[in-house]
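Letter by letter, the chains look like this.
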Amino acid sequence: MLRALNGMFPKQNIFLSTQKEKLVSNKNKLISETLANGGSLTDIEAELAAYEEQLHNLEDKLNEEAMKKQELLARQTKADPKIYSKNAVLTNKDDKSSDIATDI
């Protein structure tokens, strides 16, 4: 189950990240074209506010997906203590390797 759900998260994050990049690109293009044509940022204030709102919503979704992944990993790790991440240390109450090291 973990593999199946983990496989979904990167695709969702890539999609959201791609959307975010496109929004930023479109916003920057709008600013550049407006300024190049002699306009000012106040002329496109409403459009910029709409871009900012969309970017904020995408950030919220990305953060939500990251939290879901963290929660899923935490639940899975709790259910099976032999699963550990790259930065985590495997802890097992039945593991006697620490006793061996102190006996030497």
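What you are looking at is a predicted structure, and each value in this text was computed from that prediction instead of being measured.

J.: How would you sum up the overall build of the protein chain? Please name residues and give values.
T.: Helices and strands together make up the secondary structure of the protein chain, namely three helices and zero strands. Helices and strands appear in the protein chain in the N-to-C order α-α-α. Of all 104 residues assigned to the protein chain, the portion counted as buried reaches 14%. Taking contacts inside the protein chain between residues at least 6 apart in sequence as the whole, the part at least 24 apart equals 61%. Carbon and sulfur atoms make up 55% of the accessible area of the protein chain, which amounts to about 8500 Å² in all.

J.: Go over the nonpolar core, please, and point to the residues and values.
T.: Across soluble globular proteins, you tend to see nonpolar side chains buried next to one another. Formed by Leu 16, Leu 23, Tyr 51, Leu 55, Leu 58 and Leu 62, the largest nonpolar core amounts to six residues. Mapped by element, the contributors of at least two residues to this core are helix H1 (2-36) and helix H2 (45-79). Each residue touching Leu 62, except ones within four places of it in the same chain, is listed here: Asn 13, Leu 16, Ser 17 and Lys 20.

J.: Please provide a residue-by-residue account of the side chain of Thr 34, values included.
T.: Along the chain, Thr 34 turns up in helix H1. Residue Thr 34 is classed as buried on the basis of its relative accessible area, which comes to 12%. Other than its neighbours up to four places away in sequence, Thr 34 contacts Gly 39, Ser 40 and Ile 44.

J.: So what's going on with the pattern of salt bridges? Residues and values would help.
T.: Tallied over the entire structure, the rule returns three salt bridges. The shortest N-O distance in the salt bridge between Lys 20 and Glu 59 comes to 2.1 Å. A residue pair is termed long-range when its members are at least 10 positions apart, and Lys 20 in helix H1 and Glu 59 in helix H2 qualify at 39 residues. On the basis of relative accessible area, Glu 59 is assigned to the partly exposed category, the value being 28%.

Rules and cut-offs
Residues numbered from 1 in each chain as written. Predicted model: local features only at pLDDT ≥ 70, side-chain atom pairs only at ≥ 80, totals over all residues. Heavy atoms only, no water. Helix = DSSP H or I, 4+ residues; strand = E, 2+ residues; numbered from the N terminus. Buried < 20%, exposed > 50% of the residue type's maximum accessible area, 1.4 Å probe, protein only. Contact = heavy atoms within 4.5 Å. Areas by Shrake-Rupley, 256 points an atom, 1.4 Å probe, with all protein chains shown as cover. Core = buried A, V, L, I, M, F, W, Y, C linked by side-chain atoms within 4.5 Å. Salt bridge = Lys/Arg side-chain N within 4 Å of Asp/Glu carboxyl O.

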